[in-house]
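Understanding the architecture of this molecule
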Amino acid sequence: MFRNNYDNDAVTFSPQGRIFQVEYAQEAVKQGSVVVGLVNKTHAVLVGLKRNAEELSSYQKKIIEIDSHMGIAIAGLASDARVLSNFMKQQSLGSKMTYGRPIPLERIVTQIGDRAQTNTQQYGKRPYGVGLLVAGVDETGPHLFEFQPSGLTHEMLACAIGARSQMARTYLERHLDEFSDCSRDELINHGLRALKETLSQDKELTVDNTSVGVVGLAPEGSKSKIQSFKLYEGQETLPLLEALERSETSGEAGGEGSMEVDS
Amino acid sequence: MFRNNYDNDAVTFSPQGRIFQVEYAQEAVKQGSVVVGLVNKTHAVLVGLKRNAEELSSYQKKIIEIDSHMGIAIAGLASDARVLSNFMKQQSLGSKMTYGRPIPLERIVTQIGDRAQTNTQQYGKRPYGVGLLVAGVDETGPHLFEFQPSGLTHEMLACAIGARSQMARTYLERHLDEFSDCSRDELINHGLRALKETLSQDKELTVDNTSVGVVGLAPEGSKSKIQSFKLYEGQETLPLLEALERSETSGEAGGEGSMEVDS
Amino acid sequence: MFRNNYDNDAVTFSPQGRIFQVEYAQEAVKQGSVVVGLVNKTHAVLVGLKRNAEELSSYQKKIIEIDSHMGIAIAGLASDARVLSNFMKQQSLGSKMTYGRPIPLERIVTQIGDRAQTNTQQYGKRPYGVGLLVAGVDETGPHLFEFQPSGLTHEMLACAIGARSQMARTYLERHLDEFSDCSRDELINHGLRALKETLSQDKELTVDNTSVGVVGLAPEGSKSKIQSFKLYEGQETLPLLEALERSETSGEAGGEGSMEVDS
Amino acid sequence: MFRNNYDNDAVTFSPQGRIFQVEYAQEAVKQGSVVVGLVNKTHAVLVGLKRNAEELSSYQKKIIEIDSHMGIAIAGLASDARVLSNFMKQQSLGSKMTYGRPIPLERIVTQIGDRAQTNTQQYGKRPYGVGLLVAGVDETGPHLFEFQPSGLTHEMLACAIGARSQMARTYLERHLDEFSDCSRDELINHGLRALKETLSQDKELTVDNTSVGVVGLAPEGSKSKIQSFKLYEGQETLPLLEALERSETSGEAGGEGSMEVDS
Amino acid sequence: MFRNNYDNDAVTFSPQGRIFQVEYAQEAVKQGSVVVGLVNKTHAVLVGLKRNAEELSSYQKKIIEIDSHMGIAIAGLASDARVLSNFMKQQSLGSKMTYGRPIPLERIVTQIGDRAQTNTQQYGKRPYGVGLLVAGVDETGPHLFEFQPSGLTHEMLACAIGARSQMARTYLERHLDEFSDCSRDELINHGLRALKETLSQDKELTVDNTSVGVVGLAPEGSKSKIQSFKLYEGQETLPLLEALERSETSGEAGGEGSMEVDS
Amino acid sequence: MFRNNYDNDAVTFSPQGRIFQVEYAQEAVKQGSVVVGLVNKTHAVLVGLKRNAEELSSYQKKIIEIDSHMGIAIAGLASDARVLSNFMKQQSLGSKMTYGRPIPLERIVTQIGDRAQTNTQQYGKRPYGVGLLVAGVDETGPHLFEFQPSGLTHEMLACAIGARSQMARTYLERHLDEFSDCSRDELINHGLRALKETLSQDKELTVDNTSVGVVGLAPEGSKSKIQSFKLYEGQETLPLLEALERSETSGEAGGEGSMEVDS
Amino acid sequence: MFRNNYDNDAVTFSPQGRIFQVEYAQEAVKQGSVVVGLVNKTHAVLVGLKRNAEELSSYQKKIIEIDSHMGIAIAGLASDARVLSNFMKQQSLGSKMTYGRPIPLERIVTQIGDRAQTNTQQYGKRPYGVGLLVAGVDETGPHLFEFQPSGLTHEMLACAIGARSQMARTYLERHLDEFSDCSRDELINHGLRALKETLSQDKELTVDNTSVGVVGLAPEGSKSKIQSFKLYEGQETLPLLEALERSETSGEAGGEGSMEVDS
């Protein structure tokens, strides 16, 4: 058997300058069910596929609210994701305590990136085996970030990670121009369409396997500047899926199926 | 002999992104005798099979009371389970001291999940070799959680872990609809039926090999909101087993065999 | 040579979920000379076989008094046993200092169990290579516990550990019913009989190779509630061995050979 | 397969006195897309190539502002670069707090060099997998430094690191004499020309794949001594690229295409 | 070559429950030159053989005074022995400071036993490679203890450790009955005889290769209760060796050759 | 391939008592470009060859001023050298603060020697991969020391380390007698001649590849006792090189080409 | 190749109870050039051979003064020796500070012995690769000690360690009787003779390769009790070597060639 001598820990470079353990952690992300994120001038949307949704389990968490202005979608090791999401909740709470305002998206994303990088440069740790999409709104508007096991973080216009996510990314690239000015509902619809691309022929998006999270700027004239993070699970996703179906029939994204939330 | 180079510790990913030591710890759970958990709107029930019940030993602990509002059922390494259960008892006591109320189920489950995750990301530790079903009641009603060696925790409607637990899970999936509105006694009965499915042909549930734990909401009008966690061991399980037998004859779950406990 | 890749430390699971180093530590227990424990409603008894009793050594310690209400019998590595017994002495003393009463048996047994479990989940340690039988009396009456290198602890009605202990266990299982109501002397006699079962044909129990420890409730009307732990070594065991011989001749356990101790 | 026994960690010398892990980390730098730096008597310039600029990502960071008087260009592991750049930001801020003046370039470069060297002389760490070009202005004028994973730092007149950087270095060496007295715009132009040399035939510098950073002395008579670090991304680079094109046509570096920034 | 996979450190059990590194440390004891100890109701005696007594060295230390009431004889690694003996000196001094009385023999023996056991249960240490015979007098009379690298300690009536010590033990076992009531001089004589048994045919005990240490109860009517530890080296051993010779001629142990020491 | 089992870390002796990692670190010194040192009654001189002097780099540091009374020349890993030189600067500064006088040469040399020795006796570190020549003046006059990766330090009359340094040492040995009474300029000239010996036929010493450092006693009647350390780089070396050329033509060392520095 | 599995660190016993790394460290001593020590009732003398005395080096240190009453001679790793000698200097200074008198020889020798033993019982350290002869005078007169890498220390009448030291030891054993009453000069002469025995045929003792250190009791009637440690290097050794020559001619040790030092 071929024996790779450089892939046993994250503190060893291969002769080509690669860190295999970080790449293997990235494989754990690819094993996770797919999640998709999109952002435009007013909203940031996360959609996720709940894989192998067991009958006995209440629900599988693909999308988690971090704070009222921010949520994440996860692909990979769920227990690693919980540790990171709890860390983010604490940081966000701490920021509100200290500065009296929601933590800026870039700052919190940098914090988890640094935490993850540490695990790639210290013997006896392992990289986190999870990728995150972070969607939120701060004083500079809506943002979407991708977080990778290496600690790398990128601000993105749209992104998809997890199993078969390439299909979703292809959809997103093809429709990128349509996102920037579309409505909240249309943006959700694009996310669901991208998600659907990742399904094999005989699979469908259903209220049991679909999660949606949305956060955005409140409409002009609202009391609050922010429309809080809203998570749709189970039956709540029905209008969104119906809108998806209508749009597929009509050939247009978006529609009127979802209820607008007030923040 | 095939040599797996990635399965010696929990801080090494395989090229496919798997952490074998965590999977091997999960094997330790599968070696343990089976436990079953169920929850409905009013009660959460745990039942467990005491394997190889030695004549000389007073009793083997498959179900442990953590606090008056919560208990656990264990499958896997008993000494690991004791460490975790003692940790839970301390957390629960600490919560009562600090906040004057029982610790919410989700919080305590997250705490053991995080503690377990740590053991999968630090060299020199090993994952816990035990799975837990956590059943309890808090301000949001009855809950059932599954805890795995990876640190993963899921809220469940019903669950079974340990040796031959697949048979129990099949029963639970088939009767899931009957649980939600059934009585306390019927819920116990379903649990025992699921447990019985895991036995080989020539084995029976007896007062020596069966443990049952129940916790629930108190009937309307009670002084206390909660019917405290009640553990049935030995002869105490006799009425429950008789009810099981009657129901099997009659074809119905539940019955009147067990004494209602007052909290 | 077959090479087991999973048996070098106690923090590595085998693919079957086993921890071999803990199992090997259990082998160290099996190498130790046999000890036997029994408990009934009034007394807890330990008997032990001193193997290879050297002429030059004053005596080998198989049974150790921990406190006036508790003693242990050991099988395995004697230096590990001394560390654990000193720890128990300190804990017991500490409890008396702090709470003004003897430490409950279950608590102290849990403490050594937790201490031992730690050594199975931290790299650079090894499991204790000794098994213990803990016999004592507390406010809930007489108790017997078995402690294993894994940190596992069981309350037992009777138990035997060490070399050829299976023969003793068989005796104990066969006579379990006779224990519960028998007298202190009869209980000792049963212990010695079980011990004798483990000897090869040409060996005998003698004052040189036999140790006995007894603790119990004081007879009604005594000043103290507890009859303190009494250790019989050397010539002190003569009456007990004579009673054993008489009972074997007569076919009955117990007798009047031993002197009742006052606590 | 040839097995190198001296390349598993950074604390082992080979028989020839080499530290392979440091050399492998240098390979990670060579895998990064190229960045170029130049300095003359009045300005220091950084230019960088954004490789594989994904449509979905807002932008890739090749050049980062550390403080108003200093920026860096990176080649290699982006998460390592972020850790180092955040460290530099803190050091620079700390220096301003403590001494009331911008940190001298050589001092901050020595600080990251020492930090990196530590990782090459302590087991359990790994060298940083990133190279940096540090460009800035302090009381002794403009400076350019190269930082390598070994912790080595050199003051340079011009430098290029990353994939195919040899082509850029050749350009720089050939035109070194032209730099010292050229204008700010001409210096940028030389940087872009050097960068262009690294492209394969069918590639072009565009507003999407080019980053430019400039810092320098303010023109005589300005209020401030320093023209703050200015980062050009996306459309901002258009005039610079147009000037590049003009100069290529005319055969002269520099021109008037870029807007002078005021500090 | 046969490769034992379980003998590289003291924290690994073999499949048979053995700890090979502890057994190997015991081999170091067997490589040391022999020492013998004996105790009776009034005195404790140590005798030792100085092997390879170099002409150039003043003397080799086989017997060391720990305190006025206690001494040790060593076999094995001399530098390990010095560390342990210095530790014992400190403990003994500390006890006198704190409690105003000589440290009981069993306590100090337990202390070195525990210290040694720690080295067998913690990675990165090694067992002590030395065995000790501890002879002394405390409030309960004269005592002799054996200390082994495993941390095991036994109270003994007589003992011999080191190279060819089996011959000495055979002598001791055969004459055990004669010790208990014999005089101080006779006890020394028995020790020398046992020591002599270990010599090969052509070797003799001489003033150059023999060490003797004695401690005991003071004769009735003495001011002090204890006759302090007296170490005989070189010419001081001459009367003892002459008495040995006389006794061998006459066939009786003991005699009048040695000077009684006053404490 | 031959496999050396004793060369993986600096804390393992080979069966011949060698520490290979220290020897390999010495190889790193031999890879460095050569430096030469000389001392007489009035001055200490360092000269160094800048290898592969890149056009793009301002200059390569072979000689570093530590304090006004002391400088070093380095051969080997430059980042290790920087760490050591910064340590020396701090020590020297600290000594001035504390004792109000320049640190004696021998003391500071011992300090780096001890620091280096530590890295050869502690697992997880590696020896420094650099050799130093330390030249300076203290109250006992001018001194020259050699520092090796092993931590070994020698006071020398003259020394050369680095690639092809043997040729320089041969020159120094041959002309040792001429040093003691020669002038400052003649001593520099001898250093440059020794350096020149290491060049291959077609190479020359130039202002680009030569560094010179000098420190000495001030001429009688000067205000200061010490002529401060003077570093010659680039064009500053021109008179020294011209003097070298003149002396080669005339066959005499020294001359009048260099400007005397005032301290 | 034969592979020794027990010689990689100092915390592993071989099956025969040996610690190979300590033995290998002893080999490093044997690689060092020879040193010889002698002691009589009035003086202690050290002589050493400076091997490969380089022309360029001022001198090689084989003998080091620790304090006015004590010096050491070294064979083995010089940097290890410096660390130990500095430690001894500090201890001696500390003793003078605290107790107002020179540290007793045995105490300081025990301190370095304990320090060395620690390095043989803790993973991650290595034994010191140096042997020492410690010569000095304290309140109990002149002493000579040998220190070995194992931490073993012996008081000696005479000793030689290092390369070919066996020849010197043979001389010393043969002339041991002559030492005790000889004069200071005769004792030095014996040391030089022993040293000379280790030279190959064509080698001679010269002022360049010989070091001598002497310390002793001051003659009756001196102000000071001690004649301070006197180190002879270079030309200072000439009279001693001349006396050696005379004595060889005359066949007698000692003579009148050396100057008596006053303390």
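Here's what I pulled together on the structure shown here. Keep in mind that this is a model prediction, so the values were computed, not measured.

**Observations regarding the overall build of chain A**
- For chain A, the count of helices and strands is six helices and ten strands.
- Taking 18 Å as the expected radius of gyration for a compact globule of 263 residues, we find that chain A reaches 19 Å, a close match to that expectation.
- With the C-alpha coordinates of chain A rotated into their principal frame, the extents come out at 55 × 50 × 40 Å.
- Counting every position in chain A, which comprises 263 residues, the buried fraction comes to 60%.
- Once local pairs closer than 6 in sequence are excluded, the contacts in chain A between residues at least 24 apart make up 64%.
- Of the roughly 10,800 Å² that chain A leaves accessible, carbon and sulfur atoms contribute 49%.
- If you average the places of the 27 positive and of the 35 negative side-chain charges in chain A, the two averages end up 6 Å apart.

**A few points about the arrangement of the chains**
- The two units chain A and chain E remain apart, with a minimum C-alpha distance of 17 Å.
- There is no contact between chain D and chain E; across them, the least C-alpha separation is 17 Å.

**Let's talk about the relation of the copies chain G and chain E**
- Once chain G has been moved 0.1 Å along the axis and rotated by 51 degrees, it coincides with chain E to within an RMSD of 0.0 Å.
- In this assembly, only 6% of the residues forming the interface of chain G have copies in chain E that are likewise at the interface, indicating a heterologous arrangement.

**Regarding the interface of chain B and chain C**
- In this assembly, 32 residues from chain B lie in contact with 34 residues from chain C.
- In total, about 2,700 Å² of surface goes out of reach between chain B and chain C, with carbon and sulfur atoms giving 51% of it.
- Among the residues chain B hides against chain C, the three largest losses belong to L56, R82 and R126 of chain B. Together they make up 28% of the total.
- Where chain B packs against chain C, one counts two salt bridges.
- The shortest N-O distance in the salt bridge between D114 of chain C and R82 of chain B comes to 2.9 Å.
- For the pair chain B and chain C, the number of links is 14 residue pairs in polar contact (both at pLDDT 80 or more).
- Counting residues per element, the ones that place at least two in the side of chain B that touches chain C are α1 (20–31) and α2 (78–99) of chain B.
- Broken down by class, the residue content of the side of chain B that touches chain C amounts to twelve nonpolar, ten polar and ten charged.

**Comments concerning the packing of aromatic side chains**
- The full count for this structure, using the stated rule, is 21 aromatic pairs over all chains.
- Ring geometry for Y6 of chain A and Y24 of chain D: centres 6.0 Å apart, planes at 80 degrees, overall edge-to-face. Here Y6 of chain A, found in the segment before α1 (20–31), pairs with Y24 of chain D, found in helix α1 (residues 20–31), and the two come from separate chains.
- Given a relative accessible area of 12%, Y6 of chain A falls into the buried group.
- Given the relative accessible area of 9%, Y24 of chain D is considered buried.
- A connected cluster of aromatic rings, assembled from ring pairs, spans Y123 of chain A, Y123 of chain B, Y123 of chain C, Y123 of chain D, Y123 of chain E, Y123 of chain F together with Y123 of chain G.

**Overview of the interface of chain G and chain E**
- Contact residues are listed per partner, giving 34 residues for chain G and 31 residues for chain E.
- In total, chain G and chain E occlude about 2,700 Å² of area from one another, counting both sides; carbon and sulfur atoms represent 51% of this.
- Among the residues of chain G in contact with chain E, N5, F13 and Q121 of chain G are the three that bury the most area, contributing 24% of the side total.
- Run the count over chain G and chain E and you get two salt bridges.
- For the pair chain G and chain E, the interface holds 14 residue pairs in polar contact (both at pLDDT 80 or more).
- Elements with a contribution of two residues or more to the side of chain G that touches chain E: α3 (105–118), β7 (153–155) and α4 (165–179) of chain G.
- Its residues assigned to classes, the side of chain G that touches chain E comprises 14 nonpolar, 14 polar and six charged.

**Some details on helix α6 (residues 238–250) of chain D**
Residues and elements named next belong to chain D.
- The end-to-end C-alpha distance of α6, which contains 13 residues, comes to 18 Å, matching closely the 18 Å that a straight helix rising 1.5 Å per residue would cover.
- Looking at α6, one finds that the buried residues are P239, L240, L241, A243, L244 and S247.
- If you follow the buried residues of α6, they end up packed against α5 (184–197), β9 (210–217) and β10 (226–232).

**Description of the sheet that holds strand β8 (residues 158–161) of chain C**
All names here are of chain C.
- What the five strands build is an open sheet, ordered β8-β1-β2-β9-β10; its pairing is antiparallel. Both outer strands of the open sheet, β8 and β10 (226–232), are each paired with one neighbouring strand and no more. In this sheet, neighbouring strand axes are inclined to one another by 5 degrees on average, regardless of whether the strands run parallel or antiparallel.
- Bridge count for strand β1 (residues 35–39) against strand β2 (residues 43–49) is five bridges, and the pairing is antiparallel. Its bridge partner being in β2, G37 is matched across the sheet by L46.

Parameters and conventions
Residues numbered from 1 in each chain as written. Chains lettered and ligands numbered in written order. Predicted model: local features only at pLDDT ≥ 70, side-chain atom pairs only at ≥ 80, totals over all residues. Heavy atoms only, no water. Helix = DSSP H or I, 4+ residues; strand = E, 2+ residues; numbered from the N terminus. Rg over C-alpha atoms; globule rule 2.2 N^0.38 Å. Buried < 20%, exposed > 50% of the residue type's maximum accessible area, 1.4 Å probe, protein only. Contact = heavy atoms within 4.5 Å. Areas by Shrake-Rupley, 256 points an atom, 1.4 Å probe, with all protein chains shown as cover. Lys, Arg positive; Asp, Glu negative; His and termini not counted. Charge placed at Lys NZ, Arg CZ, Asp CG, Glu CD. Least-squares fit on C-alpha atoms with pLDDT ≥ 70 in both. Buried area = accessible area lost by both parts, 1.4 Å probe. Salt bridge = Lys/Arg side-chain N within 4 Å of Asp/Glu carboxyl O. Polar contact = N/O pair within 3.5 Å; in protein donor to acceptor, adjacent residues only side chain to side chain. Nonpolar A, V, L, I, M, F, W, Y, C, P; charged D, E, K, R; others polar. Phe/Tyr/Trp six-rings, centres within 6.5 Å; stacked < 30°, edge-to-face > 60°. Expected span 1.5 Å × (residues − 1). Pairing = 2+ DSSP bridges. Axes fitted to C-alpha atoms, helices over the stretch in contact; angles between N-to-C directions.

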